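# Structural overview for review
Listed below, chain by chain, are the residues.
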Amino acid sequence: MNADPMTEEGRKDPSWDRAKWHANHGPDSWQPIVDKTVAALKEQGATRFGTTAYCFGAPSAFYLAYNNDSHVTVLAHPSRAFAVPDDLL
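Just so we're clear, the structure is a prediction, and the values are computed from it rather than from any experiment.

Conventions we followed
- Starting from 1, residues in each chain are numbered consecutively following that chain's sequence as written.
- Reporting in this predicted model follows two pLDDT cut-offs: at least 70 for local features of residues, and 80 or more for side-chain atom pairs to be given and counted; totals over whole chains, interfaces and linings ignore these cut-offs and use all residues.
- Where side-chain values are given, they derive from all heavy atoms of the structure, hydrogens and water being excluded.
- Classification of residues uses two cut-offs on accessible area relative to the type maximum, computed with a 1.4 Å probe and protein chains only: under 20% is buried, over 50% is exposed, and between them is partly exposed.
- Put simply, DSSP H or I for four residues or longer makes a helix, DSSP E for two residues or longer makes a strand, and each gets a number counted from the N terminus.
- Any two residues whose heavy atoms approach within 4.5 Å are treated as being in contact.
- Joining through side-chain atoms within 4.5 Å is the link that ties buried Ala, Val, Leu, Ile, Met, Phe, Trp, Tyr and Cys residues into a set, and such a set is a nonpolar core.
- Polar contact is the term for a pair of N or O atoms within 3.5 Å; when the atoms are in protein, one must be able to donate a hydrogen and the other to accept it, and sequence-neighboring residues count only if both atoms are side-chain atoms.

### Re helix 4 (residues 58-66)
- Judged by how many residues are buried, helix 4 sits mostly within the fold: seven of nine residues are covered.
- Taken as a whole, helix 4 has its buried residues at Ala58, Pro59, Ser60, Ala61, Phe62, Tyr63 and Leu64.
- Buried residues along helix 4 sit in contact with helix 3 (27-43), strand 1 (50-54) and strand 2 (72-76).
- Positive phi appears at Asn68, one or two residues downstream of helix 4, with a value of about 60 degrees.

This is the structure in structure tokens:
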């Protein structure tokens, strides 16, 4: 995504800026990909989805759950790149 994956080697680089990387990988970078993927699966006849996410995958999994596209969602170590809506607290 954005031609700059987060790698173990990159995280060891003292000049790597985590905040900048996260800022460049917000919903505008992954939402179109997720939307196209769900649309393509629906066109092929899929009617129910489940999502599993780890760390940075959590925002897209929550996005699908909040939009009722995912019928079950499992997360581990959610990243800080999302906010829980007030009505779910």
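After that view of the structure, there is still more to cover.
### With respect to the nonpolar core
- Counting eight residues, the largest nonpolar core is built from Trp21, Trp30, Val34, Val38, Phe49, Phe56, Tyr63 and Leu64.
- Elements with a contribution of two residues or more to this core: helix 3 and helix 4.
- If you tally residues by element for this core, the top one is helix 3, at three residues.
- Each residue touching Phe49, except ones within four places of it in the same chain, is listed here: Val38, Leu41, Lys42, Asp69, Ser70, His71 and Val72.

### Let's talk about the side chain of Ser70
- On the secondary structure map, Ser70 appears in the loop between helix 4 and strand 2.
- Side-chain polar atoms of Ser70 contact the side chain of Thr73, separated by 3.0 Å.
- The contacts of Ser70, once residues within four sequence positions are left out, are Phe49, Gly50, Thr51, Leu64 and Ala65.

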